[in-house]
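Each chain, letter by letter, is given below.
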Amino acid sequence: MSRVCIPDSEYAERLKKCVKMMQEQNLDVMIVNGTESDYANPRYFCGFWPLFERVGVAIAANGNAAVMVGPESVIFAGDVSRIKKIYPCLYYREGANPSYPEIKTNTYNDVLEDLGVKGKHIRIGIGGYMETTVIMMDGLKECYPEAEIVNADNIMVSLRSIKSENEIACIREGFRIVEIATQEVIKALHPGVTELQMVGVAQKTIYENGGEYEGLPMYVFSEKSTSHAISRSSYRVIEKGDLVQLNLSAKIDGYSPAIGIPVGMGKFSPEKRDLVDFCLQAHKWTEQHLKAGVLASDVAKGFYQFFKDNGRLENYVYGPCHGTGMIEVEAPWMETTSDYLLQPNMTFQIDTFVSGPKFGLRWEKGVTITKDGFESNCAPIDNVIYELDF
């Protein structure tokens, strides 16, 4: 069965681009770390997504590369990784901290020497710096006490910010599935169901239509919990008159786009409709200011000013967009301090969230930046404001 995915040749090309950047920054080796929840950086190079354990990819400046996993993932990683050198390392074991006394494991010294990295006074770049645990960092310093260890997340952001056509295809396939799931949840919504029951409807639909997994923990929030910028669905019973926030996402070969819309369980009250309409206006304001060559901070500053001009600063939480790809929220964000220019084939979620003391809401969709503006990666989300009739 054919499916939308990243071809093996693209993984090889990614390694070549990374090595070139490493050489420009005088790195002897790069260690790219990830976890089950934030797997994107190592999966970008090898296609492996761990569970329970962690994962690291070691990339030498000579082009050699290897995958480092916990002792229980060696066969699993060997079956799916596009990088075929797999090393069991205790730095990447699960959080229960087993010692595996009967298993021979490797150190960073073993791995790097096998890749051809020689010497003690080497320069090591860390990709996925925030996902690098104390255990990993302590192990690296123990093996290479005289090395210079630097944050190399700038390489990962440079590599991942501008998407290939295959990456955009994965994102759009994810959106196709999310659109179906959103409509199925709306059809199933009625007073008396719980938020988690509606999450179940979304999950079932996503798997039935080709999704690899949820792109994020599904958001089906109602009333007070809609004021949470991030949260988890609960056993709360949805009632007539509630504002329900949907944020559903499907993962395709790691790529995890999302769609967010508010839904009224009946007609919105005037107070709710006012905030729904303002949030949508802010969402459309953002659309009008996206195109290649624009400074990201200018968009963010203008977005903040839009809230200020409309007397809505108390509803403001964060900037207009964040990058999207292998994680639904990935670098770069658009913030008032952002110093980069938008470029063609950057992909963002226009994530317009407003919050109040009693409720909040979000309009969210994905776009690809073009020379003259953007292309939406999903169908329009604002052609209908859902106020369900019961």
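Some points on the packing of helix H1 (residues 8-24) against helix H6 (residues 153-161)
- Taken N-terminus to C-terminus, the directions of H1 and H6 make an angle of 140°; their axes are 10 Å apart at the nearest point. On the basis of their axis angle, the class for H1 and H6 is oblique. As for how H1 packs across H6, the hand of that crossing is right-handed. Residues Arg14, Lys17, Cys18, Met21 and Met22 of H1 pack against Ile155, Ser158 and Leu159 of H6.
- Residues that form the contact of H1 with H6 fall into these classes: five nonpolar, one polar and two charged.

So, the packing of aromatic side chains
- The full count for this structure, using the stated rule, is 18 aromatic pairs.
- Taken together, a centroid distance of 4.1 Å and an interplanar angle of 5° make the contact between Tyr91 and Tyr108 stacked. Pair noted here: Tyr91 is in the loop between strand S4 (86-88) and helix H4 (108-114) and Tyr108 is in helix H4, with a separation of 17 residues, a long-range link.
- Given the relative accessible area of 14%, Tyr91 is considered buried.
- Looking at Tyr108, the relative accessible area reads 1%, which means it is buried.
- Here the aromatic cluster, defined as three or more aromatic residues joined through ring pairs, consists of Phe278, Trp285, Phe303, Tyr304, Phe306, Phe307 and Tyr316.
- Over the ring of Tyr11 we find Arg14, and its NZ or CZ is 5.1 Å from the ring centre.
- Lying over the aromatic face of Phe359, Lys272 brings its terminal NZ or CZ to 6.0 Å of the ring centre.

Observations regarding the sheet that holds strand S6 (residues 148-151)
- Spatial strand order, S4-S3-S2-S1-S5-S6: six strands in an open sheet with mixed pairing. Only two strands of the sheet have a single neighbouring strand rather than two, namely S4 and S6. Taken over all neighbouring pairs, the strand axes of this sheet differ in orientation by 25° on average, direction set aside.
- As paired elements, strand S1 (residues 29-34) and strand S5 (residues 123-127) share four bridges and run parallel to each other. Note on S5: the bridge partner recorded for Met30 is Gly125.
- On the sheet, H1 packs against S1, strand S2 (55-60) and strand S3 (65-69) and is oriented at approximately 65° with respect to S2.

A word on the pattern of salt bridges
- In this structure the tally under the stated criterion is 23 salt bridges.
- Between Glu10 and Arg14 there is a salt bridge, with the nearest N and O atoms lying 3.5 Å from each other. Highlighted residues: Glu10 and Arg14, both in helix H1, separated by four residues, approximately one helical turn. Each member of the pair, Glu10 together with Arg14, is buried.
- When the shortest N-O distance is used, the salt bridge between Arg176 and Glu173 registers 2.9 Å. With a gap of three residues between them, Arg176 and Glu173 both fall in helix H7 (residues 165-188), about one helical turn apart.

Topic: the pairing of S5
- Of all five residues in S5, four are buried, a share of seventy percent or more.
- Relative to S6, S5 runs parallel, the two sharing four bridges. By the bridge assignment, Arg123 is partnered in S6 with Glu148.

Cut-offs used in this document
Residues numbered from 1 in each chain as written. Predicted model: local features only at pLDDT ≥ 70, side-chain atom pairs only at ≥ 80, totals over all residues. Heavy atoms only, no water. Axes fitted to C-alpha atoms, helices over the stretch in contact; angles between N-to-C directions. Helix = DSSP H or I, 4+ residues; strand = E, 2+ residues; numbered from the N terminus. Parallel < 35°, antiparallel > 145°, perpendicular 65-115°, else oblique. Left-handed = near helix turned anticlockwise from the far one by under 90°. Contact = heavy atoms within 4.5 Å. Nonpolar A, V, L, I, M, F, W, Y, C, P; charged D, E, K, R; others polar. Phe/Tyr/Trp six-rings, centres within 6.5 Å; stacked < 30°, edge-to-face > 60°. Buried < 20%, exposed > 50% of the residue type's maximum accessible area, 1.4 Å probe, protein only. Lys NZ or Arg CZ within 6 Å of the ring centre and 35° of its normal. Pairing = 2+ DSSP bridges. Salt bridge = Lys/Arg side-chain N within 4 Å of Asp/Glu carboxyl O.

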